[in-house]
Amino acid sequence: MDLSRQYAETRDAQDPIGHFRARFHIADEQLVYFDGNSLGRLPLTTRDRLRDAVDQEWGGELVRGWDRWIDLAGQAGDVIAEGVLGVDQGEVVLSDSSSVNLYKLASAALDANPGRRVIVTDDDNFPTDRYVLEGLASARGLELRVVPTDIDEGIDPARVARALDDDVALVCLSHVAYRSGAIADMVAITTAAHRVGALTLWDLCHSAGSVPVPLRESGADLAVGCTYKYLNAGPGAPAFLYVRRDLQQRLRQPIWGWFGQRDQFAMGAGYDPVESIGRFQVGTPPILGGYAALEGARITAEAGIRSLYDKSAELTSYAIRLSDGLTLASPVDPARRGSHVTFHHPQAWQICQALKAAGVVPDFRTPERLRIGLAPLYTRFVDVWEGMARLRGILTSGSYREFAAAAGRVT
């Protein structure tokens, strides 16, 4: 691979989805943004849509706006379902946060498997996932069975399979590892879980909008994900949840709210959930965040997940080739990586701060990891070249040593 800036410029000129960058608000063209896996950029359509929603709908229509807002969670869910996750309309709904959705679906799955006393996860699963599962296990007197995982290479399906038996009710894992970007074998793991009668719950926070998600191919049961990373819905945007259609009537989530009620505005005395994905809603949905999620998902669907994934594989491979002085802490094979790549260095936190001072925004993860997110909708090859050139300059000069160590910091 040619490592010159000219190569990067040529690749950008040939990029079939490169034009999507112009549809995002780019306030500073000199800033190299390598953190789209934490917070995506602002789409111009979202900015305009929110202005209209504030000025015309909220400002002008007031409460009459609910005539159009009432079904927004389902509309956004349908775009995410078909355009991002490759499943059917009516299997995804926008609702709450990823953590709350994980609790709801994990609780429902445990209730659907009475008598089974084990939840399986891995020791490198995202912290909030582990905490939610720990809380459920503690409250219900269950065993949380934790599978050891290589933090750079990701989950080993064989290890998960060895942890399974007829007492397992739920297997809950991340599809793309938050630390290394390693992609789990959803098909193999789901097949193994179903073989012992367990349900599967997948965290798609680092998957949705960056890699193909084989929910349908694997027969996965449940999933949750956020919209503020690769779906570019903005800080604190609502999350989504997926429930395979044949499970929707069987499962009853633990938080019974009026947006899941069959005859919502009858204000009845008893809870009678709708039979559809809507039963997994709880309270009034966030409308402004919902519009942002809808617009972000539409752009992603228009670009196409396969095109986005192909570009992200090239971008991460290019970054690795340009990363002289750092140790790769992600899978070498691009087919096993998501859209971010992680490097190890004993002074990774200081390097992260030096990069920010040099106009490059990555992020830091313990232990001693520098994480670089390359969102293919708006990240160019020349951005990768420039960002990695500034990184090499920092490593060569040793300027990162000017920044005091701060163990445990994540910014």
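Only a predicted model underlies this, so the values are computations on that prediction, with no experimental measurement involved.

## Details of the overall build of the protein chain
- Looking only at helices and strands, the protein chain features 13 helices and 13 strands.
- Against the 2.2 N^0.38 benchmark of 22 Å for 411 residues, the protein chain shows a C-alpha radius of gyration of 22 Å, consistent with a compact globule.
- Summarising its shape, the C-alpha atoms of the protein chain cover approximately 70 × 60 × 40 Å along the three principal directions.
- Here the protein chain, with 411 residues, has 57% of them falling under the buried criterion.
- A sequence separation of at least 24 residues applies to 72% of the contacts in the protein chain between residues at least 6 apart.
- Carbon together with sulfur atoms contributes 52% to the accessible area of the protein chain, which is approximately 16400 Å² in total.

## Some remarks on the side chain of His345
- Along the chain, His345 falls in the loop between strand S10 (340-344) and helix H12 (348-357).
- The contacts of His345, once residues within four sequence positions are left out, are Gly325, Leu326, Ile351, Glu368, Leu395 and Tyr400.

## So, a nonpolar patch on the surface
- A cluster of nonpolar side chains, Val54, Trp58, Leu62, Val63 and Leu288, forms an exposed patch at the surface whose accessible area comes to about 490 Å².
- With respect to the helices, strands and loops of the structure, Leu62 is situated in the loop between helix H2 (44-61) and helix H3 (66-69).

## Quick word on the nonpolar core
- Among the nonpolar cores identified, the biggest contains 87 residues, and Leu85, Val171 and Leu215 are the most heavily contacted of them.
- Other than its neighbours up to four places away in sequence, Leu85 contacts Ile80, Val92, Leu204, Ala208, Val213, Leu215 and Phe240.
- Grouped together as the second largest cluster of nonpolar side chains are 30 residues, Val360, Phe381, Val384 and Ile394 included.

## Regarding unusual backbone geometry
- With omega at -10°, the peptide bond leading from Thr366 into Pro367 counts as cis.
- Its location among the elements puts Pro367 in the loop between strand S12 (363-365) and strand S13 (369-373).
- Here the phi dihedral of Leu62 falls at roughly 55°; this positive angle occurs in a residue that is not glycine.
- Look at Glu368: it is not a glycine, yet its phi comes out positive at around 60°.
- Looking at where Glu368 falls in the secondary structure, it is placed in the loop between S12 and S13.

## Re the environment of Glu57
- Note that Glu57 resides in helix H2.
- Overall, the relative accessible area of 3% leaves Glu57 in the buried class.
- Note: C-alpha distance between Glu57 and Arg68 (11 residues apart in sequence) is 9.4 Å.
- If near-sequence neighbours (up to four positions away) are discounted, Glu57 is found in contact with Arg49, Asp52, Leu62, Arg68, Trp69 and Tyr291.
- At 2.7 Å, the side chain of Glu57 forms a polar contact with the side chain of Trp69.

## Description of the sheet that holds strand S4 (residues 143-147)
- Pairing in this open sheet of 7 strands is mixed, and the strands run S2-S8-S7-S6-S5-S3-S4 from one edge to the other. On the outer flanks of this sheet lie strand S2 (92-94) and S4, each paired with one strand and no other. Geometrically, the sheet is characterised by an average inter-axis angle of 20° between neighbouring strands, direction not taken into account.
- Bridge analysis of strand S7 (residues 222-225) against strand S8 (residues 240-243) gives 4 bridges, and the strand direction is antiparallel. Note on S8: the bridge partner recorded for Gly225 is Phe240.
- The strands touched by helix H8 (residues 186-195) are strand S5 (168-174) and strand S6 (199-203); relative to S6, the strand with the most contacts, the crossing angle is about 150°.

## Brief notes about the pairing of S13
- With 5 of its 5 residues buried, S13 lies for the most part within the structure.
- Judged by which residues are buried, S13 turns out to be covered on both faces: Arg369, Arg371 and Gly373 on one side and Leu370 and Ile372 on the other are all buried.
- Relative to S13, S10 runs antiparallel, the two being bridged by 5 bridges. Bridging across to S13, Phe343 finds its partner in Leu370.
- When S12 meets S13, the two strands line up antiparallel, connected through 3 bridges. Following the sheet pairing, Phe364 is matched in S13 by Leu370.

## Some details on helix H4 (residues 72-85)
- The end-to-end C-alpha distance of H4, which contains 14 residues, comes to 18 Å, matching closely the 20 Å that a straight helix rising 1.5 Å per residue would cover.
- Turning to H4, its buried residues number three or more, namely Leu72, Ala73, Ala76, Gly77, Asp78, Ile80, Ala81, Val84 and Leu85.
- Buried residues belonging to H4 abut H3, S2, helix H9 (215-218), S8, helix H10 (287-303) and helix H11 (305-321).
- Gly86, located one to two residues past H4, shows a positive phi value of around 70°.

## Some remarks on the packing of H12 against helix H13 (residues 381-397)
- With their axes 10 Å apart at the nearest point, H12 and H13 run at an angle of 120° to one another. Taken together, the axis directions place H12 and H13 in an arrangement best described as oblique. You can see that H12 and H13 cross each other, and the crossing is right-handed. Facing H12, whose interface residues are Ile351, Ala354 and Leu355, H13 presents Gly387, Arg390, Leu391, Ile394 and Leu395.
- Split into classes, the residues belonging to the contact of H12 with H13 amount to 6 nonpolar, 1 polar and 1 charged.

What counts, and at which threshold
- Residues numbered from 1 in each chain as written.
- Predicted model: local features only at pLDDT ≥ 70, side-chain atom pairs only at ≥ 80, totals over all residues.
- Heavy atoms only, no water.
- Helix = DSSP H or I, 4+ residues; strand = E, 2+ residues; numbered from the N terminus.
- Rg over C-alpha atoms; globule rule 2.2 N^0.38 Å.
- Buried < 20%, exposed > 50% of the residue type's maximum accessible area, 1.4 Å probe, protein only.
- Contact = heavy atoms within 4.5 Å.
- Areas by Shrake-Rupley, 256 points an atom, 1.4 Å probe, with all protein chains shown as cover.
- Patch = residues over 30% accessible without salt bridge, like charges linked within 9 Å, V, L, I, M, F, W, Y side chains within 5 Å.
- Salt bridge = Lys/Arg side-chain N within 4 Å of Asp/Glu carboxyl O.
- Core = buried A, V, L, I, M, F, W, Y, C linked by side-chain atoms within 4.5 Å.
- Polar contact = N/O pair within 3.5 Å; in protein donor to acceptor, adjacent residues only side chain to side chain.
- Pairing = 2+ DSSP bridges.
- Axes fitted to C-alpha atoms, helices over the stretch in contact; angles between N-to-C directions.
- Expected span 1.5 Å × (residues − 1).
- Parallel < 35°, antiparallel > 145°, perpendicular 65-115°, else oblique.
- Left-handed = near helix turned anticlockwise from the far one by under 90°.
- Nonpolar A, V, L, I, M, F, W, Y, C, P; charged D, E, K, R; others polar.

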